[in-house]
Amino acid sequence: MGEKKNHAEKQYQEIKTKAEVKKPLTQDKTVVMVGTATCGKAAGAIDVRETFKEEINKRKLNAEVVEVGCIGHCYAEPLVVISKPGFPSLCYGNVDEGLSSRLVEDYLVGDDPCYEYALVALEPNEEFPTFTDFPRGMFEQKVILEQCGLIDPEQIDHYIAVDGYHALAKALDMEPKEVIEMIKESRLRGRGGAGFPTGKKWDFCCMNVQDPVRYVICNADEGDPGAFMDRSILESNPHQVIEGLIICGYAVGASQGFIYVRSEYPQAVRRIYTALEQAREKGLLGEGILNTDFSFDIEVFQGSGAFVCGEETALIHSMEGKTGMPRHRPPFPAEVGFRGKPTVINNVKTLSYIPHILNKGVEWFQSIGTPDSPGTAVFALVGKIENTGLVEVPMGTTLRTLVYDVGGGIRNEKEFKAVQIGGPSGGCLPESALDIPIDFDSLQEAGAIMGSGGLVVLDEDDCMVEIARFFLDFTQKESCGKCTFCRLGTRHMLDILMRITTGQGEKKDIEILGDLAVDIKNGSLCGLGKTAPNPVLTTLRYFMDEYEEHIQGKRCPSLMCPELINFYIVPKKCSKLCSACVGSCPVEAIYTREDGLKAIDLEKCVKCNSCPLACPPEYDAIIKVSPPERVEELEKENA
Amino acid sequence: MNKKISITIDGKEISAEEGRELLWVALENDIFIPNLCALKEKDRPSASCRLCFVEIEGFPRPVTSCTQPVTEGMVVNTRSPEVDRLVGTAFELLLSDHRLGCSKCPKNKACALQRIAKERKLKLKPKRLDKFEKDTPIDDSTDLFVLDRNRCVLCGRCIWADRHIARVGAIGFSQRGIKRKVSTFGDKLLKDSPCIECGECVEVCPVGALVFKKDYGK
Amino acid sequence: MELLEGEKEVIISQVSEILGKHKHNCENLVPMLQEVQNQLGYVPELAMEMIADSLEVPAVAVYSIVTFYNQLRLNPPGDHQIRVCMGTACHMIGGQIILNSFERRLQIEEGETTEDRKFSLERVACVGCCAIAPVVVIDDLVDGKVTPTRVDGILLSFENSNNNEGKKEQEQKPVERGEGQE
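Rules used throughout
Residues numbered from 1 in each chain as written. Chains lettered and ligands numbered in written order. Predicted model: local features only at pLDDT ≥ 70, side-chain atom pairs only at ≥ 80, totals over all residues. Heavy atoms only, no water. Helix = DSSP H or I, 4+ residues; strand = E, 2+ residues; numbered from the N terminus. Rg over C-alpha atoms; globule rule 2.2 N^0.38 Å. Contact = heavy atoms within 4.5 Å. Areas by Shrake-Rupley, 256 points an atom, 1.4 Å probe, with all protein chains shown as cover. Lys, Arg positive; Asp, Glu negative; His and termini not counted. Charge placed at Lys NZ, Arg CZ, Asp CG, Glu CD. Pairing = 2+ DSSP bridges. Axes fitted to C-alpha atoms, helices over the stretch in contact; angles between N-to-C directions. Salt bridge = Lys/Arg side-chain N within 4 Å of Asp/Glu carboxyl O. Polar contact = N/O pair within 3.5 Å; in protein donor to acceptor, adjacent residues only side chain to side chain. Core = buried A, V, L, I, M, F, W, Y, C linked by side-chain atoms within 4.5 Å. Buried < 20%, exposed > 50% of the residue type's maximum accessible area, 1.4 Å probe, protein only. Patch = residues over 30% accessible without salt bridge, like charges linked within 9 Å, V, L, I, M, F, W, Y side chains within 5 Å. Domains from an automatic or database assignment. Buried area = accessible area lost by both parts, 1.4 Å probe.

Participant: Where do I start with the overall build of chain B in this structure?
Facilitator: Helix and strand counts for chain B come out as 5 helices and 9 strands. The C-alpha atoms of chain B give a radius of gyration of 18 Å, which matches the 17 Å a tight globule of 218 residues would have. Its C-alpha atoms give chain B principal-axis dimensions of about 55 × 45 × 35 Å. Considering only residue pairs separated by 6 or more positions, chain B has 59% of its internal contacts joining residues 24 or more positions apart. Counting every atom, chain B has about 10,500 Å² of accessible surface; 49% of that belongs to carbon and sulfur. Counting 39 positive and 31 negative side-chain charges, chain B places the centres of these two groups 4 Å from one another.

Participant: Teacher, can you tell me more about the sheet that holds strand 9 (residues 343-347) of chain A here?
Facilitator: The pairing of strands in a sheet comes from backbone hydrogen bonds and takes either a parallel or an antiparallel form. Residue and element names in this part refer to chain A. Judged by pairing direction, the sheet is parallel, and its 4 strands sit side by side in the order 8-7-6-9 without closing on themselves. Unpaired on one side and paired on the other, strand 8 (297-303) and strand 9 mark the two borders of the sheet. Ignoring which end each strand starts from, the neighbouring axes of this sheet average 20° apart. Where strand 6 (residues 215-220) meets strand 7 (residues 256-262), 6 bridges bridge the pair, whose relative direction is parallel. Of the residues in strand 7, the one forming a bridge with Asn219 is Tyr260.

Participant: Is there a simple way to explain the interface of chain B and chain A in this structure?
Facilitator: Where the parts come together, the accessible area they lose is often given as the size of the interface. Contact with chain B, which involves 27 residues of that partner, is made by 33 residues of chain A. In this structure, the connection of chain B to chain A is made through 4 salt bridges. Across the pair Asp515 of chain A and Arg85 of chain B runs a salt bridge, and its minimum N-O distance is 3.8 Å. Counting across the chain B and chain A interface gives 16 residue pairs in polar contact (both at pLDDT 80 or more). The greatest single-element share of the side of chain B that touches chain A, amounting to 6 residues, is contributed by helix 2 (residues 81-95) of chain B.

Participant: Please clarify how the nonpolar core should be interpreted in this entry.
Facilitator: For soluble globular proteins, the rule of thumb is that nonpolar side chains tend to be buried together. Within the largest apolar cluster, 195 residues are counted, with the highest numbers of intra-cluster contacts made by Tyr165, Trp202, Ile246, Leu290, Phe296 and Tyr547 of chain A together with Leu36 of chain B. Counting residues in hydrophobic clusters, the runner-up holds 48 residues, among them Tyr260, Cys309 and Cys480 of chain A together with Ala59 of chain C.

Participant: What is the right way to look at a nonpolar patch on the surface in this model?
Facilitator: All names here are of chain A. Taken together, the side chains of Phe196, Phe204 and Met207 make up a nonpolar region of the molecular surface, amounting to roughly 300 Å² of accessible area. With respect to the helices, strands and loops of the structure, Phe196 is situated in the loop between helix 8 (176-186) and helix 9 (198-205). Assessed through its relative accessible area of 38%, Phe196 is described here as partly exposed.

Participant: How do you make sense of the sheet that holds strand 2 (residues 12-17) of chain B when you look at a structure like this?
Facilitator: Residue and element names in this part refer to chain B. Read from one edge to the other, the open sheet built from 5 strands follows the order 2-1-5-3-4, with strand pairing classed as mixed. At either margin of the open sheet sits one strand with a lone partner, and together these are strand 2 and strand 4 (63-64). As paired strands, strand 3 (residues 53-56) and strand 4 are joined by 2 bridges and run antiparallel to one another. Bridge pairing in strand 4 places Val54 opposite Val63.

Participant: When you look at the environment of Ile154 of chain C in this model, what are you seeing that I'm missing?
Facilitator: In this fold, Ile154 of chain C is placed in helix 7 (residues 148-163). Setting aside residues no more than four positions away along its own chain, Ile154 of chain C makes contact with Phe102, Ile138, Asp143 and Val146 of chain C.

Participant: Please explain the domain arrangement of chain A as it appears in this structure.
Facilitator: Residue and element names in this part refer to chain A. The domain boundaries assigned to chain A delineate domain 1 (23-136), domain 2 (156-364), domain 3 (376-459), domain 4 (464-552) and domain 5 (565-638). Each side of the interface is counted separately: domain 2 has 11 residues, and domain 4 has 9 residues. Approximately 870 Å² of surface area, both sides summed, lies buried where domain 2 meets domain 4, with 79% of it carried by carbon and sulfur atoms. Counting the surface domain 2 buries against domain 4, the share from its top three residues, Pro225, Phe307 and Pro326, is 53%. Our count for the contact surface shared by domain 2 and domain 4 stands at 0 salt bridges.

Participant: What is the right way to look at the interface of chain C and chain A in this model?
Facilitator: Between chain C and chain A, the residue contacts involve 37 residues of the former and 65 residues of the latter. Between chain C and chain A the total buried area reaches about 3,900 Å² when both faces are included, carbon and sulfur atoms providing 59% of it. Counting across the chain C and chain A interface gives 2 salt bridges. One salt bridge connects Arg123 of chain C with Asp473 of chain A, and the closest N-O pair in it is separated by 3.5 Å. On inspection of chain C and its partner chain A, the count reaches 12 residue pairs in polar contact (both at pLDDT 80 or more). Where the side of chain C that touches chain A is concerned, the elements lending two or more residues are helix 2 (29-40), helix 4 (59-68), helix 5 (88-92), helix 6 (95-106), strand 2 (119-124), helix 7 and helix 8 (167-181) of chain C.

Participant: Any chance you could explain a negative patch on the surface here in plain terms?
Facilitator: Among the surface-exposed residues, Asp47, Glu54, Asp96 and Glu97 of chain A lie close enough to one another that they form a single negatively charged patch. With a relative accessible area of 37%, Asp47 of chain A lands in the partly exposed category.

Participant: Mind showing me how you'd approach the side chain of Asn237 of chain A here?
Facilitator: Residue and element names in this part refer to chain A. With respect to the helices and strands, Asn237 occurs in the loop between helix 10 (229-236) and helix 11 (238-252). Among the residues examined, Asn237 registers a relative accessible area of 1% and is labelled buried. Once residues lying within four places of it in the same chain are set aside, the contact partners of Asn237 are Gln147, Cys148, Ile151, Pro153 and Tyr159.

Participant: Help me understand the side chain of Ser318 of chain A in this model?
Facilitator: For Ser318 of chain A, the location among the structural elements is in helix 13 (residues 312-319). In terms of polar contacts, Ser318 of chain A uses its side chain to reach the side chain of Tyr260 of chain A, at 2.6 Å. For Ser318 of chain A, the residues in contact, after removing those within four places along its chain, are Tyr260, Phe301, Cys309 and Gly324 of chain A together with Val30 and Tyr69 of chain C.

Participant: Could you clarify how one ought to interpret the pattern of salt bridges in this entry?
Facilitator: Pairs can form between side chains of opposite charge whenever their charged atoms are close. A full pass over the atoms with the stated rule returns 67 salt bridges over all chains. One salt bridge connects Asp163 of chain A with Lys16 of chain A, and the closest N-O pair in it is separated by 2.9 Å. You can see Asp163 of chain A sitting in the loop between helix 6 (156-161) and helix 7 (166-172) and its partner Lys16 of chain A sitting in helix 1 (residues 7-20), a full 147 residues away along the chain. Residue classification places Asp163 of chain A among the partly exposed positions, given a relative accessible area of 26%. Overall, the relative accessible area of 12% leaves Lys16 of chain A in the buried class. Across the pair Arg151 of chain B and Asp148 of chain B runs a salt bridge whose closest N-O atoms are separated by 3.4 Å. Neither Arg151 of chain B nor Asp148 of chain B differs from the other in exposure class; each is buried. Here the salt bridges do not stand alone but share partners, grouping Arg49, Glu50, Glu67, Glu154 and Arg271 of chain A into one network.

Participant: Before we go on, may I ask you to explain the domain arrangement of chain B in this structure?
Facilitator: Residues and elements named next belong to chain B. By domain assignment, chain B separates into domain 1 (4-92) and domain 2 (96-215). Counting residues at the interface gives 22 residues for domain 1 and 21 residues for domain 2. A combined buried area of about 1,800 Å² lies between domain 1 and domain 2, and 64% of that area is made up of carbon and sulfur atoms. Among the residues domain 1 hides against domain 2, the three largest losses belong to Leu36, Phe91 and Glu92. Together they make up 44% of the total. Linking domain 1 with domain 2 are 1 salt bridge. Note that Glu92 and Arg128 form a salt bridge whose closest N and O atoms lie 3.1 Å from each other. For the pair domain 1 and domain 2, the number of links is 8 residue pairs in polar contact (both at pLDDT 80 or more).

Following this line, the structure appears as structure tokens:
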């Protein structure tokens, strides 16, 4: 060990010195950073970027427009950060072309930062609050999201300037075994869902000493509906993942790594390719990394759209050119994996922690979170919540804090009903479960799983039977069809749920549903099948009353299931002077009665929910009723 | 040859080769364990039919015996309330997707499903579950045999025989999930596929999905 | 599906080119199929047979793969591909309603292509833009917060673009191209 000590470190410092010149926020000119991850783009970030560029060029200003990833505040996309010398860096939300021009005019040219449009300042100052001044910032602790949205993911120098790839240099100056020991000591658990200790996995991979060929794979086949953490990290800071993967390769003695990424994420794929190319140019990837004798390269494999390929053995099969079907484990991939060789497969987020642990040490990592689940948890916070976005909180934070303090509570003053956590393999937890801490083991006890981090907040308008049906529909469509329980069992469960949500359910259905769920959980071949019943099991456990309402009362208490509701215009509230609803109806089901008020032709109505949204709040005349026959009663009452 | 060890199945002491799959050890000693997809010659069990569950002392829950290597002193029970429940449900699920009408099926009395039903006292007609209505056209385009997908249990044995015994490559699985089925390339008729009509696939079919024409109307 | 005149030649030349770029082993099977689909919009039987030949595997093995993965298509798609996101967030906020709206307007079911081959309609599990649900991806553009009335607008804009000899499309294109160059 003595001889190679600090070899990589020296080489790294050289690279870093060159990179620092390009650090975005320390320049003496103004930098405009536009968040152009997929969600930013969808919200119009490209037009914003173009407007800034045009306006700056037109005025020949000394300012640079940089594209960055996602800062996590998705509710306010498109987001722009402006850093002007002499001012704190300010983040602006909901930026459109008009605001872009105005910011150039007033702030870049003039010196008015337009505080009324600013969301938050990035560094402490006298003028404007920073993240930590908001409740969300108080509870958030950013580790793997720290640089997301603040560096240009397509410029490796930005990453290096914030100490990127330093951990790799440190690792290369250690013995591989020491790296594994360090990860084991840190007690980092896999962020892909099940929470298996990462260091142990690496250790298993090295057990077979006879065969020197090993592989490491980054699993970026994020397929949970309602989750986008991995996409966001890959689009915002791909080098962090790549650095983690190289270190993993070094630790277990692999010379080839792969990133298995969904092809549904074209922008992430592009940014990974760019990042890999840049890492090779810098000598951080390829032959003799950082002038050591460690050689390692990474290839990209694009998934073809099969949720089940997130399962390790299915993922390997699909890379080998087979159908992506799981096989019985053991042997685990760490013993017999890709090409039959020992293989480590780690999730995007798991690998992202690796550089931080090496840089800041085991004790630092364990100081965050809980003893059994150290570190942070990253969630895609979506659904009926005020501040949707990507959040990172210490493990052990309660769901209540996450929903109310970080997420800002329920939108439109509605009543909280449940959180769906862990996607199709997870479960729905009610109000009474909000005080459980978020960690691998507590969530499992409550019937959900940590999953990879999708967290959907549901309110009083969301039907829990319908959400169970939705997830079963998903798993049933994504089932590979290999084993009996998953192929046929999930289909039967879906059929029963469809009967219930359309008012055809019978009393015995609940028992059959529950029994099937337990058997599928115990009898399926792979993790997808074993966890597929969770959404049903948790809704049966916590929301049985809603099932019963559907079956016995033939009504949907949340007024969501289309077959069990009707729309009705309350004549007393409707106005002759308004016809907003008429125009909103895509099928011309709304007509004007002889007295000038509006009514719905139920034969034509497709229950698309457009008219209640179109009805002006001062009238608020369109209601949903369940059971559907309730309309006839109302008509009589109002006749 | 691996060393001989001793295990106990249903109270019976058995000598077995260490590391062999439990399913075969049991079957060779005349202890019945339900199974459809297992084939002794296969390198790796597909473990897809989920019928061969057994209980092993020291294991928290039932395991599939086709994937379980035997070890010295292993104590196995082929029946237990938990095992029976899993096997019962898997069987009912398979039958909910299988066209009955045994009296008209050439495989009547030689069918693996009938055997399992008899041994485990299970009903052929699902009691809790609705039957999926399948009406896939029967492929009787070859001179030698008939493929009736309505009776297929997707065990995959025919595909293995086609690849590894006949070495032809006429059939494979297509689609996924509930749509999964045994197909030819482009879902053509067997006579328009590379099938050489050797009949190897028919020999291994445990049910009435692949049947020789000569056995029809017997 | 019967191939039109000239189609066969295009397939043969494109697939030969793709086969020339890759080592002929099974690990490259999925990447090759993805490239075929990128070039031709779908994976024709002829392409599957050519690839199977070069890898020395039965054609039915390639067919297994193509029918297994969502992304790979057996039939040519429409000129414009409409993919409606059916992730959790989209679903809870009305993704199904959006899908129904497209089905109603285009008079096709999800998974089908209109008779004039102009539009094909698909559902997609999740595009990861949950914060702006419900989401629709039209060709490569992600569109958020879609309503049934907007569905009409989206389709109208395509109809208009055709009447104006593709003017609208040209207006949109440069932005996309700019993207690619960076």
